[in-house]
Amino acid sequence: MKIVAAKLIVCSPDRNFVTLKIETDEGIYGLGDATLNGRELAVASYLEEHVIPCLIGRDPFAIEDVWQYLYRGAYWRRGPVTMTAISAVDVALWDIKGKALHTPIYNLLGGKSRQGVLVYAHANGSDIPGAIESTKKLMAEGYLAVRVQCGVPGVASSYGVPKGSKPYEPAERGLPSENVWSTERYLNFVPQLFEALRREVGEDVHLLHDVHHRLTPIEAARLGKALEPYHLYWMEDPTPAEDQDAFRLIRQHTVTPIATGEVFNSFWDAHDLIRNQWVDYLRMTIVHGGGITALKKAADFAAVYQVKTGFHGATDLSPVTMAAALHFGLAIHNFGIQEHMPHTSLTDQVFPHAYRFDAGYMVPGDEPGLGVDIDERLAQKYPYQRAYLPIARKLDGTLTDW
Ligand code: KDG
Ligand code: MG
């Protein structure tokens with residue numbers, strides 16, 4: 001089998017997605033997600049100009065070799081643009097291999113280790129009663145794990161809380177909007193939120209919270225300690241992780257489990273975090289971390305240190321990535337939990353898929369390959385629209401981590 005063509009489908013069915021479609025001489029094609037939120041066209045151009053020409057004529061079954069060719073062969077390694085492009089190619093090749101061998105990808109990764117993939121949903125409220133109501137609603141829908149974000153009194157807009165009546169979506173069309181941030185108000189408020197939540201929703205449901213990189217290590221340590229009575233499943237991205245050593249300090253002070261890495265794009269971003277057991281869950285996921293090939297190696301390394309996966313799964317990760325993550329999560333032994341932020345029905349129409357939610361778990365379905373397709377005609381009706389993630393400033397105007 002040979003790769004004979006590859007093309008990009010850039011579309012915006014309610015939000016932007018970049019999808020790579022690789023075609024073979026046997027009529028089998030594979031899909032890969034190449035979406036990098038707010039920087040979509042950089043990856044599209046990287047693939048179009050520098051990668052696609054090198055793929056033509058190659059054996060799509062030689063996944064490891066193609067991966068090394070794009071990683072080592074480029075000389076310039078790592079970085080979100082490069083690694084997202086490599087991921088797209090890698091996932092498309094796994095899709096082709098599954099289809100050619102008539103088997104779902106989870107079988108190529110060792111087969112099922114479990115019956116379903118535990119997922120967590122997003123609850124949000126502008127205040128504590130709203131957050132409680134939203135959590136209870138998700139529990140009634142069958143979710144066993146819920147991430148809770150809430151408006152902070154005295155802070156005009158908070159991460160994870162919708163501005164209007166539509167479901168929360170991190171990217172906004174147009175140029176970046178500005179959010180306000182106060183660490184002091186946040187730190188005083190969050191323990192009150194989880195105290196009220198535990199009182200109202202009981203002890204059984206898994207509760208999670210995303211700090212979204214906004215604290216210093218010692219502030220994160222304080223928050224982790226304050227949240228211990230409410231036994232969170234995890235505290236996510238408590239501090240930026242460029243300095244992996246920063247997590248040592250947090251770890252020394254609290255037993256609240258820590259998840260990090262949705263912005264990582266290389267195993268090396270997580271190396272110290274894992275081998276020192278400074279984190280419990282790795283969030284680097286397939287689309288930004290170099291594909292299934294790279295994540296399998298990272299997850300196997302993490303397994304040795306009892307670190308589990310907890311992959312990023314926000315709406316900017318397309319249904320192609322969601323399917324890949326579900327096959328992966330079904331197969332590997334050290335799977336922890338998978339984020340599930342449902343796409344809009346329009347996105348789902350553009351990407352018909354076999355995966356489904358059932359009583360707190362998701363399954364990828366048993367179709368060969370990924371079990372996801374793209375309706376190119378429908379996609380064409382929704383062209384790319386410029387969109388960005390917001391930025392955040394402290395009350396005095398200082399730009400801070402969003
Ligand atoms: O592109 C950035 C979003 O995916 C991110 O802000 C969402 O932090 C996020 C999460 O945990 O889903
Ligand atoms: Mg996050």
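Every value quoted in this text rests on a predicted model; they were computed, and no experiment measured them.

Reading the values: the criteria
- Residues numbered from 1 in each chain as written.
- Chains lettered and ligands numbered in written order.
- Predicted model: local features only at pLDDT ≥ 70, side-chain atom pairs only at ≥ 80, totals over all residues.
- Heavy atoms only, no water.
- Helix = DSSP H or I, 4+ residues; strand = E, 2+ residues; numbered from the N terminus.
- Rg over C-alpha atoms; globule rule 2.2 N^0.38 Å.
- Buried < 20%, exposed > 50% of the residue type's maximum accessible area, 1.4 Å probe, protein only.
- Areas by Shrake-Rupley, 256 points an atom, 1.4 Å probe, with all protein chains shown as cover.
- Lys, Arg positive; Asp, Glu negative; His and termini not counted.
- Charge placed at Lys NZ, Arg CZ, Asp CG, Glu CD.
- Donors = N, O, S within 2.8 Å, 3.2 Å for Na, K, Ca; no water.
- Core = buried A, V, L, I, M, F, W, Y, C linked by side-chain atoms within 4.5 Å.
- Domains from an automatic or database assignment.
- Contact = heavy atoms within 4.5 Å.
- Near = heavy atom within 4 Å.
- Polar contact = N/O pair within 3.5 Å; in protein donor to acceptor, adjacent residues only side chain to side chain.
- Nonpolar A, V, L, I, M, F, W, Y, C, P; charged D, E, K, R; others polar.

Trainee: Teacher, can you tell me more about the overall build of the protein chain here?
Mentor: Counting its regular elements, the protein chain contains 14 helices and 18 strands. Computed over its C-alpha atoms, the radius of gyration of the protein chain comes to 20 Å, within 12% of the 21 Å expected for a compact globule of 402 residues. In terms of overall dimensions, the protein chain has a C-alpha envelope of 60 × 45 × 45 Å along the principal axes. Each of the 402 residues in the protein chain was classed as buried or not, and the buried ones make up 59%. Accessible surface computed for the protein chain: about 16,300 Å², of which carbon and sulfur atoms make up 51%. Across the protein chain, the 38 positively charged side chains and the 48 negatively charged ones have centroids separated by 1 Å.

Trainee: I would appreciate a short explanation of the coordination of the magnesium ion (ligand 2) in the present structure.
Mentor: Ideal coordination angles are 109.5 degrees for a metal with four donors arranged tetrahedrally and 90 or 180 degrees for a metal with six donors arranged octahedrally. The protein atoms donating to the magnesium ion (ligand 2) are Asp-210 (OD), Glu-236 (OE) and Glu-262 (OE), with metal-donor distances spanning 2.0 to 2.2 Å. All donors of the magnesium ion (ligand 2) come from a single chain, and their spacing in sequence reads D-x25-E-x25-E. Placement of the pair is Asp-210 in strand S8 (residues 206–210) and Glu-262 in the loop between strand S10 (258–260) and helix H9 (271–275), with a sequence separation of 52 residues.

Trainee: In this structure, what is going on with the nonpolar core? I would like to understand it.
Mentor: Generally speaking, soluble globular proteins have nonpolar side chains that are buried together. Residues Ile-22, Leu-47, Val-89 and Phe-194 are the most contacted members of the largest nonpolar core, which totals 124 residues. Counting residues per element, this core draws most heavily on helix H3 (residues 80–100), which supplies eleven residues. Of the residues that make up this core, three or more belong to each of domain 1 (3–104) and domain 2 (108–366). Every residue in contact with Ile-22, bar those within four places of it in the chain, is listed here: Ile-3, Ala-5, Ala-6, Ile-28, Tyr-29, Gly-30, Leu-55, Val-89, Ala-92, Leu-93 and Ile-96. One finds Tyr-159, Tyr-168, Met-341 and Trp-402 within the second-largest nonpolar core, a separate group that totals six residues.

Trainee: Just checking my understanding: could you explain the site of ligand 1 for this structure?
Mentor: Looking at ligand 1, there are 16 residues lining it, with His-212, Glu-262, His-312, Asp-316 and Glu-339 nearest. His-212 is positioned with one of its side-chain polar atoms (N or O) 2.8 Å from an oxygen atom of ligand 1. The side chain of Glu-236 places a nitrogen or oxygen atom 2.9 Å from an oxygen atom of ligand 1. Surface burial for ligand 1 is 94%, taken as the share of its 330 Å² of free accessible area covered by protein chains. Partitioned by chemical class, the residues of the shell around ligand 1 number five nonpolar, four polar and seven charged.

Limitation: the analysis is restricted to geometry and does not speak to function.
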